[in-house]
Amino acid sequence: MRIIFMGTPEFAVPTLDALVATGHDVVAAYSQPPRRGNRGKVAPSPVHARAEALGIEVRTPLSFRKEPGAIEAFAALDADVAVVAAYGLILPQAVLDAPRVGCLNVHGSLLPRWRGAAPIQRAILAGDAETGVGIMQMEGGLDTGPVRLEGRTPVDGKTAGELAAELSAMGARLMVEVLSDMDAHPPVPQPDEGVTYAAKIDKAEARLDFSRSALDVERQVRAFNPAPGAFFEVVGERVRVHAAEVVAERGDAGRVLDDAMTIACGEGAIRPTLVQRAGRGVMTAAELLRGFPIPAGTQL
């Protein structure tokens, strides 16, 4: 098929690779414009870089509605279908309608649960037992389109990074399957019940809230790993928590209970296992405490 690919982060790269590997003609890749990174260097998105490596033309409009000629240039590609994965721009109806069979989206949730920007993190934060990925026929509403194929996986104790890698690989396989025989995978409307919205993650949410239960705090740790990174502050320094375990200890919320950095929560306690100080590498809690003591009784 003649395909336009639209995506930006690493989550989208496996789908692009799968389309090329299975012999589809990817005539152009659309991605968010290069952005300034943490060290001030402007860099292309993962999809931008991968598409260029594959010899695919890359286009980076800031907006289809505001950039003159962007919609017309998209339509002129004369595509059979547009494949979208975490692109990050709202597509106007003229774009959705331009390819012969429309636009198909790789969405990282079991729709209609967690429509929106951050479905993987929201599933972890909510304590969902299961999540998945769907191949959705796009329409004008926010992730409201019918689903052609779906895959499922348990959340277990996975981080957002681990789930994203699993779901991106799953989504790539499902997209290839749908495109191989679209008649065998007709669009099925989403149910009206069970709709939830996955709001974009605010960096302020990554501050660990020890007034909540230990289960909730541990979910914060997993949901914000790798980004933006769950953290607490002590003596004016931020400590990121990459992994933690729930333990059956009790105490005043936010108080360090022992020399192993067990921290009381509103219910139960957590014990960070992998942590990171600003400007340092990831280390075990024991390694951090040898050079940065946080004594029992400290109130975080």
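Residues numbered from 1 in each chain as written. Predicted model: local features only at pLDDT ≥ 70, side-chain atom pairs only at ≥ 80, totals over all residues. Heavy atoms only, no water.

This brings us to the overall build of the protein chain. A tally of regular secondary structure across the protein chain gives 8 helices and 16 strands. Seen through its principal axes, the protein chain has C-alpha atoms that stretch 65 × 45 × 35 Å. Out of the 300 residues belonging to the protein chain, those deemed buried represent 50%. Across the protein chain, every contact between residues at least 6 apart in sequence was considered, and the portion connecting residues at least 24 apart equals 63%. Only carbon and sulfur atoms are counted for the fraction: they give 51% of the accessible area of the protein chain, which is about 14100 Å². Side chains of the protein chain give 31 positive and 37 negative charges; the mean places of these two sets differ by 7 Å. (Helix = DSSP H or I, 4+ residues; strand = E, 2+ residues; numbered from the N terminus. Buried < 20%, exposed > 50% of the residue type's maximum accessible area, 1.4 Å probe, protein only. Contact = heavy atoms within 4.5 Å. Areas by Shrake-Rupley, 256 points an atom, 1.4 Å probe, with all protein chains shown as cover. Lys, Arg positive; Asp, Glu negative; His and termini not counted. Charge placed at Lys NZ, Arg CZ, Asp CG, Glu CD.)

Moving on, we come to helix 2 (residues 46–53). Burial in helix 2 covers these residues: Val-47, His-48 and Ala-51. Looking straight down helix 2, one finds that the buried residues subtend no more than 100 degrees of arc, so they occupy a single side. Buried positions along helix 2 lie against strand 1 (2–7), helix 1 (13–21), strand 2 (25–30) and strand 5 (58–59). Just downstream of helix 2 lies Gly-55, where phi reads positive at about 80 degrees. (Arc of directions from axis to C-beta.)

With 5 of 6 residues buried, strand 2 is to be regarded as a mostly interior element. Where strand 1 meets strand 2, 5 bridges bridge the pair, whose relative direction is parallel. By the bridge assignment for strand 2, Arg-2 is matched with Asp-25. In this region the chain leaves strand 1, passes through helix 1 and returns to the parallel neighbour strand 2; the handedness of that crossover is right-handed. (Pairing = 2+ DSSP bridges. Right-handed = clockwise from strand over helix to strand, strands pointing away.)

It is worth spelling out the nonpolar core at this point. Counting residues in hydrophobic clusters, the biggest one holds 62 residues, and the most contacted among them are Phe-5, Leu-179, Phe-232, Leu-288 and Ile-294. When residues in this core are grouped by element, the largest group, 8 residues, is from helix 6 (residues 160–180). Residue contacts for Phe-5: discarding those within four places in its chain leaves Ala-12, Thr-15, Leu-16, Leu-19, Val-26, Ala-28, Ala-29, Tyr-30, Val-47, Val-83 and Ala-85. Listed in part, the 18 residues of the second largest apolar core include Ile-4, Met-6, Leu-91 and Leu-96. (Core = buried A, V, L, I, M, F, W, Y, C linked by side-chain atoms within 4.5 Å.)

As paired elements, strand 12 (residues 231–234) and strand 13 (residues 237–247) share 4 bridges and run antiparallel to each other. Counted as the bridge partner of Glu-233 is Arg-238 from strand 13. Counting the residues between successive antiparallel strands, the hairpin from strand 12 to strand 13 contains 2 residues, one of them, Val-235, with a positive phi of roughly 45 degrees.

Taken as a whole and judged by the stated rule, the model has 4 aromatic pairs. Between Tyr-30 and Phe-74, the ring centres sit 5.5 Å apart and the planes meet at 65 degrees, which makes this aromatic pair edge-to-face. Of this pair, Tyr-30 sits in strand 2 while Phe-74 sits in helix 3 (residues 70–75); the two residues are 44 residues apart in sequence, bridging distant segments of the chain. The same class applies to Tyr-30 as to Phe-74, namely buried. Chaining the aromatic ring pairs together yields one cluster made of Tyr-30, Phe-64 and Phe-74. Over the ring of Phe-231 we find Arg-238; its NZ or CZ atom is 3.7 Å from the centre of that ring. (Phe/Tyr/Trp six-rings, centres within 6.5 Å; stacked < 30°, edge-to-face > 60°. Lys NZ or Arg CZ within 6 Å of the ring centre and 35° of its normal.)

On the surface, a nonpolar cluster with roughly 290 Å² of combined accessible area is contributed by Leu-142, Val-195 and Tyr-197. Within the secondary structure, Tyr-197 is located in strand 11 (residues 197–198). (Patch = residues over 30% accessible without salt bridge, like charges linked within 9 Å, V, L, I, M, F, W, Y side chains within 5 Å. Salt bridge = Lys/Arg side-chain N within 4 Å of Asp/Glu carboxyl O.)

A separate point is unusual backbone geometry. The residue after Leu-111, namely Pro-112, is reached through a cis peptide bond having omega 15 degrees. Here Pro-112 shows up in the loop between strand 7 (103–107) and strand 8 (115–116). Looking along the chain, the bond that leaves Ala-227 and enters Pro-228 is cis, with omega of 0 degrees. Residue placement: Pro-228 occurs in the loop between helix 7 (214–223) and strand 12. Of note in this structure, Trp-114 is not a glycine but carries a positive phi near 65 degrees. With respect to the helices and strands, Trp-114 occurs in the loop between strand 7 and strand 8. Its relative accessible area of 11% is what places Trp-114 among the buried residues.

Before going further, it helps to spend a moment on the packing of helix 1 against helix 2. Where helix 1 meets helix 2, the closest approach of the two axes is 9 Å, and the angle between their N-to-C directions is 20 degrees. Considered as vectors, helix 1 and helix 2 are oriented roughly parallel to each other. Handedness of the helix 1/helix 2 crossing: right-handed. Along the contact surface, helix 1 presents Val-13, Leu-16 and Asp-17, while helix 2 presents Pro-46, Val-47, Arg-50 and Ala-51. (Axes fitted to C-alpha atoms, helices over the stretch in contact; angles between N-to-C directions. Parallel < 35°, antiparallel > 145°, perpendicular 65-115°, else oblique. Left-handed = near helix turned anticlockwise from the far one by under 90°.)

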